[in-house]
Amino acid sequence: MPTFDSEKLLRQDLNDFPPYSMGHVPLADLGKYIKLDLNENSFGPSPKAIAALAQMPHYNRYVGQDELREAIARYVGVDVAHIVVSNGADEMIDWVQRVFLNRGDAIVDCPPSFEMYAFFARVNGARILAVPRRDDFSIDVDAIEKAISDFRFQISKSEDPNLQSAICNLKLVFLANPSNPDGGVASRADIERLLALPGIVVLDEAYAEFAGESYAARVPTQSNLIVLRTFSKWAGLASLRVGYCIAPQPIAAKILQVKAPENVNSAGIVAARASLEDIEYLMANVRRIVTERERLSVALAQLGFLQPLPSRANFILCRVIGRTGMEIRDALQARGILIRAFGSPRLHDYIRVAVGTPEENDAVVRMLKEIAGR
Ligand SMILES: *Cc1c(COP(=O)(O)O)cnc(C)c1O
């Protein structure tokens, strides 16, 4: 048999691609842990969603998305022409990039931030202008404005023929609001300054229901604003993968035109539609999580070696005094509790804990006390 070196055909620019560092628990072991590492919803999906999934008779059929889009449009309060659904908000991050970015175009990312913005930018061959957050994790809009004008200057003066021949542009500014991992929200004034930039602002509102604040209603009158949302966190459907964007009509139309028509599976569609018929139930759980967040935050601060940051989401980022985040994570994991620690130097002495049920939150505090006592 002739040998064919298929590896040679792979994109060379992906050689040093850093793998996404999220650890998964095998399905059979999920029940063995108190799982507070990935900001999932410990209260679970709506019982109506679970019933609708069990009664769904058409898994053998391809299912259209328009009724879900219309239900989302009613939920958000915008026309359906602004709504596109995706396989989780993650897929929409990719689509937003793919309809705007040519190879070499740039996005702005404000680390520490949600890792998928830079992840997909690398996959899509885009540049990443990283504008770090301030010490208190607020975004530095002065630095963002400067980075954008420096980038434009640098491109226009470049000696590099590749750069001169390509139409390189800074096009997208990604911002999670509330932010992940810190849980904070940007000030209204900062958002207005971002919207005045010569680019598209992609506001990732994965945690909007917990914050009680959204810019989605602004989209129909703001031609450079895209809002991303998801059913993963507030509706407890993380593994069914249903996200969506609220985008200016021409942008939504472009994504609809180029994405695969069956990108959301029928189970996700059925569960998301049933969730939108059970908003009262799900929002009661959101309110429980918000109440628990404040209670947990006080309890964590009382431990003496943790400094919780104020959060508007369903998780709490804590500075750890005298140890690394990884040490705390490993000690909790040995006691059956999963939380998130981080590899990046800036977050070495931090942990992120999702807010669980009252019993789960009590268990975290109890185990942290035990760890501190050693
Ligand atoms: C969890 C999360 C998402 C991912 O949402 P999916 O719909 O599950 O893909 C997107 N953005 C942020 C900031 C998140 O924390």
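Residues numbered from 1 in each chain as written. Predicted model: local features only at pLDDT ≥ 70, side-chain atom pairs only at ≥ 80, totals over all residues. Heavy atoms only, no water.

1. Focus: the pattern of salt bridges
For the structure on display, the rule yields 27 salt bridges. A salt bridge links K35 to D37, with the shortest nitrogen-to-oxygen separation between them at 2.8 Å. By the burial criterion, K35 is buried, and D37 matches it. Connected through shared salt-bridge partners, R11, D13 and R103 make up one network. (Salt bridge = Lys/Arg side-chain N within 4 Å of Asp/Glu carboxyl O. Buried < 20%, exposed > 50% of the residue type's maximum accessible area, 1.4 Å probe, protein only.)

2. What to know about the sheet that holds strand β13 (residues 350-354)
Across the sheet, four strands lie side by side as β9-β10-β13-β12; this open sheet has antiparallel pairing. Each end of this open sheet is capped by a strand with a single partner; those strands are β9 (306-308) and β12 (340-341). Sheet topology places β12 next to β13; two bridges connect them, and they run antiparallel. What sits directly across from R340, in β13, is R352. (Pairing = 2+ DSSP bridges. Helix = DSSP H or I, 4+ residues; strand = E, 2+ residues; numbered from the N terminus.)

3. Regarding the packing of aromatic side chains
Taken as a whole, this structure holds nine aromatic pairs when the rule is applied. Consider the rings of F114 and Y117, whose centres lie 5.6 Å apart with planes at 70 degrees: the pair is edge-to-face. An aromatic cluster is built from Y75, F231, W234 and Y244, whose rings are joined through pairwise contacts. Note that R323 overlies the ring of F305, its terminal NZ or CZ placed 5.9 Å from the centroid. Taking NZ or CZ as reference, R346 lies 5.1 Å from the ring centre of F137, over its face. (Phe/Tyr/Trp six-rings, centres within 6.5 Å; stacked < 30°, edge-to-face > 60°. Lys NZ or Arg CZ within 6 Å of the ring centre and 35° of its normal.)

4. Observations regarding the packing of helix α11 (residues 279-302) against helix α13 (residues 358-373)
Packing of α11 against α13 brings their axes to within 10 Å, and their N-to-C directions diverge by 10 degrees. Here α11 lies roughly parallel to α13, going by the angle between them. Of α13, the residues touching α11 (which contributes E292, R295, L296, A299 and L300) are P358, N361, D362, V365 and L368. Residue classes in the contact of α11 with α13 are distributed as six nonpolar, one polar and three charged. (Axes fitted to C-alpha atoms, helices over the stretch in contact; angles between N-to-C directions. Parallel < 35°, antiparallel > 145°, perpendicular 65-115°, else oblique. Contact = heavy atoms within 4.5 Å. Nonpolar A, V, L, I, M, F, W, Y, C, P; charged D, E, K, R; others polar.)

5. Section: the site of the ligand
Of all residues adjacent to the ligand, which total 13 residues, the nearest are A89, D204, Y207, T230 and K233. Between the ligand and A89, the relevant distance is 2.6 Å, taken from an oxygen atom to a main-chain nitrogen or oxygen of the residue. The fraction of the free accessible surface of the ligand (390 Å²) that becomes covered by protein chains is 94%. For the shell around the ligand, the element with the highest residue contribution is helix α3 (residues 88-100), accounting for three residues. Residue composition of the shell around the ligand, by class: five nonpolar, four polar and four charged. (Near = heavy atom within 4 Å. Polar contact = N/O pair within 3.5 Å; in protein donor to acceptor, adjacent residues only side chain to side chain. Areas by Shrake-Rupley, 256 points an atom, 1.4 Å probe, with all protein chains shown as cover.)

6. With respect to the side chain of D278
The residue D278 is located in the loop between α10 (266-276) and α11 in this model. Reaching out from D278, the side chain makes a polar contact with the side chain of S46 at a distance of 2.7 Å. Beyond its immediate stretch of four places on either side in the chain, D278 contacts S46, P47 and K48.

7. What to know about the environment of E360
The residue E360 is located in helix α13 in this model. It is 31 Å that separates the C-alpha atoms of E360 and L203, two residues lying 157 residues apart in sequence. Dropping the residues within four chain positions of it, E360 is found in contact with I34, L36 and S42. For E360, the side chain forms a polar contact with the side chain of S42, separated by 2.7 Å.

8. With respect to the domain arrangement of the protein
As assigned here, the protein comprises domain 1 (7-44 + 280-373) and domain 2 (47-278). For domain 1 versus domain 2, the distance between C-alpha centres works out to 23 Å. Interface area for domain 1 against domain 2, summed over the two sides, is near 2800 Å², with a carbon-plus-sulfur share of 60%. Together, Y20, R312 and R346 form the three largest contributors to the area buried by domain 1 at its contact with domain 2, with a combined 26%. Seen at the junction of domain 1 and domain 2, the total is three salt bridges. Note that R103 is salt-bridged to D13, the shortest N-O span being 3.3 Å. The tally of links from domain 1 across to domain 2 stands at 15 residue pairs in polar contact (both at pLDDT 80 or more). Broken down by secondary-structure element, the contributors of at least two residues to the side of domain 1 that touches domain 2 are α11, β10 (315-320) and β13. In terms of residue count, α11 provides more of the side of domain 1 that touches domain 2 than any other element does, eight residues in total. (Domains from an automatic or database assignment. Buried area = accessible area lost by both parts, 1.4 Å probe.)

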